[in-house]
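Each chain, letter by letter, is given below.
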Amino acid sequence: MAAKAKKAARAKAAKPANKVKKTKPLSKPAKAAARPAAGSPAPGMRPAAKPAKALGKITFYGHYLSIPSIKVGLMLSLAGVEHDYRHVDLRAGEQKSPHFLAINRFGQVPALVDDGTAFCQSNVILEHLSEAAGKFGGKNEAQQRLIHEWLLWEADLMATGLGATRAQAVFYNADVAVLTYLRGRGNRALDTLNATLGKQPFLTGTQPTIADIACAPWIAYADEAGIPLDPHANVQSWFQRMSALPGWKSPKDALPRP
Ligand SMILES: N[C@@H](CCC(=O)N[C@@H](CS)C(=O)NCC(=O)O)C(=O)O
């Protein structure tokens, strides 16, 4: 192979597949309130096991009614990560535009671009931010694995049990039988949280991690889902502990409204 062709092949191979070429604004960019990085770590801010390299210019795409987006917004705020925020107009279908699909092939919020590399799926974004910022991660491999288990559980039982129930109740006016089934899943999720939080203050131990940041925002929507929190006292006190963390925002007001 000629030297010029070899150089071109090397350059092509080095380019990450999900590198975003250009982030054109979907709507008027709004600078999100950024907290300065804490000089001394807040409770639970532990270095992630394997620090990641990128934490450059961050652009976060979300919607204020989307709980997966709120999870990411809270993480950015709790970790004090400066970023630009772009509201994605879901009603207008902006999430299915070619520009947004180039950032998130699933056509959903949230998405996050860090130094030109695009991340999607709220829990993958949380893991990236935790690793890159060295905050809210596990203190060893065993805890990292525990956190990952909770994140997969959250995407299953919290997202359907609390999230789908709230969406069906508030936005889609679902049939009673559907709501009864979904509320059953929500109560199962709350039972699991309650049992764990009866033994320790946070989901994976004595300090909050991204497992807690992923699970806590749904609790603020239990009322909209029609699921009472009264039988889950440990969940309620955990939510109070989360609310007291520096940088925490009330989930319903966590993201800017257009
Ligand atoms: N598993 C995804 C779920 C994301 C999701 O469901 N996003 C919704 C808003 S809450 C969305 O963008 N819906 C618009 C659509 O699907 O067209 C995550 O955790 O990021």
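Coordinates for the structure precede this section.
Residues numbered from 1 in each chain as written. Predicted model: local features only at pLDDT ≥ 70, side-chain atom pairs only at ≥ 80, totals over all residues.

Undergrad: Could you give me a rundown of helix H2 (residues 67–78), with the residues and numbers involved?
TA: For H2, spanning 12 residues, the distance from its first C-alpha to its last is 16 Å, which sits close to the expected 16 Å at 1.5 Å a residue. Burial analysis of H2 places 12 of its 12 residues in the buried class, the great majority of the element. Buried residues of H2: Ile 67, Pro 68, Ser 69, Ile 70, Lys 71, Val 72, Gly 73, Leu 74, Met 75, Leu 76, Ser 77 and Leu 78, and no others. (Helix = DSSP H or I, 4+ residues; strand = E, 2+ residues; numbered from the N terminus. Expected span 1.5 Å × (residues − 1). Buried ≥ 20, exposed ≤ 12 C-beta atoms within 10 Å, placed from the backbone.)

Undergrad: Describe the pairing of strand E3 (residues 84–87), listing the residues and the values that go with them.
TA: With 4 bridges connecting them, strand E2 (residues 58–62) and E3 associate as parallel partners. When the sheet's bridge partners are listed, Gly 62 is paired in E3 with His 87. Tracing the backbone out of E2, into H2 and back to the parallel element E3 gives a crossover that is right-handed. (Pairing = 2+ DSSP bridges. Right-handed = clockwise from strand over helix to strand, strands pointing away.)

Undergrad: Mind laying out the environment of Ala 155, listing which residues take part and the relevant values?
TA: Inspection of the secondary structure puts Ala 155 in helix H5 (residues 141–170). Overall, Ala 155 belongs to the partly exposed group, with 16 C-beta atoms counted inside 10 Å. Along the chain, Ala 155 and Ala 214 lie 59 residues apart, while their C-alpha atoms are 8.7 Å from each other.

Undergrad: Which residues make up the packing of H2 against helix H7 (residues 210–219), and what are the values?
TA: Packing of H2 against H7 brings their axes to within 9 Å, and their N-to-C directions diverge by 130°. On the basis of their axis angle, the class for H2 and H7 is oblique. The handedness of the crossing between H2 and H7 comes out as right-handed. Note on element contacts: H7 touches H2 through Ile 210, Ile 213, Ala 214, Pro 217 and Trp 218, opposite Ile 67, Ile 70, Lys 71, Leu 74, Met 75 and Leu 78. For the contact of H2 with H7, the residue count by class is 10 nonpolar, no polar and 1 charged. (Axes fitted to C-alpha atoms, helices over the stretch in contact; angles between N-to-C directions. Parallel < 35°, antiparallel > 145°, perpendicular 65-115°, else oblique. Left-handed = near helix turned anticlockwise from the far one by under 90°. Contact = placed C-beta atoms within 7 Å. Nonpolar A, V, L, I, M, F, W, Y, C, P; charged D, E, K, R; others polar.)

Undergrad: Which residues make up H7, and what values go with them?
TA: By the criterion of burial, H7 is predominantly enclosed, with 10 of the 10 residues buried. Among all positions of H7, only Ile 210, Ala 211, Asp 212, Ile 213, Ala 214, Cys 215, Ala 216, Pro 217, Trp 218 and Ile 219 are buried. Along its buried surface, H7 packs onto H2, helix H4 (122–133), H5, helix H6 (176–197), helix H8 (222–225) and helix H9 (233–243).

Undergrad: Talk me through the nonpolar core; I want residue IDs and the actual numbers.
TA: Nonpolar side chains in soluble globular proteins tend to be buried together. Membership of the largest hydrophobic core comes to 63 residues, with the highest contact counts inside it found for Met 75, Leu 129, Ile 213 and Cys 215. Broken down by element, the residue count for this core peaks at 9 residues, all from H5. Counting residues domain by domain, this core receives three or more from each of domain 1 (13–133) and domain 2 (141–251). Apart from the residues within four sequence positions on either side, Cys 215 is in contact with Trp 150, Glu 154, Met 158, Leu 193 and Leu 203. (Core = buried A, V, L, I, M, F, W, Y, C linked by C-beta atoms within 7 Å. Domains from an automatic or database assignment.)

Undergrad: Explain unusual backbone geometry to me, and be specific about the residues and the numbers.
TA: Backbone torsion omega between Val 109 and Pro 110 reads 5°, so that peptide bond is classified as cis. For Pro 110, the position within the fold is in the loop between helix H3 (98–101) and strand E4 (111–114). Even without a glycine there, the phi angle at Asp 115 is positive, about 55°. Topologically, Asp 115 is positioned in the loop between E4 and strand E5 (117–120). Even without being a glycine, Phe 136 presents a positive backbone phi close to 60°. By the secondary structure assignment, Phe 136 is in the loop between H4 and H5. Phe 136 sits in the buried class, given 29 other C-beta atoms within 10 Å.

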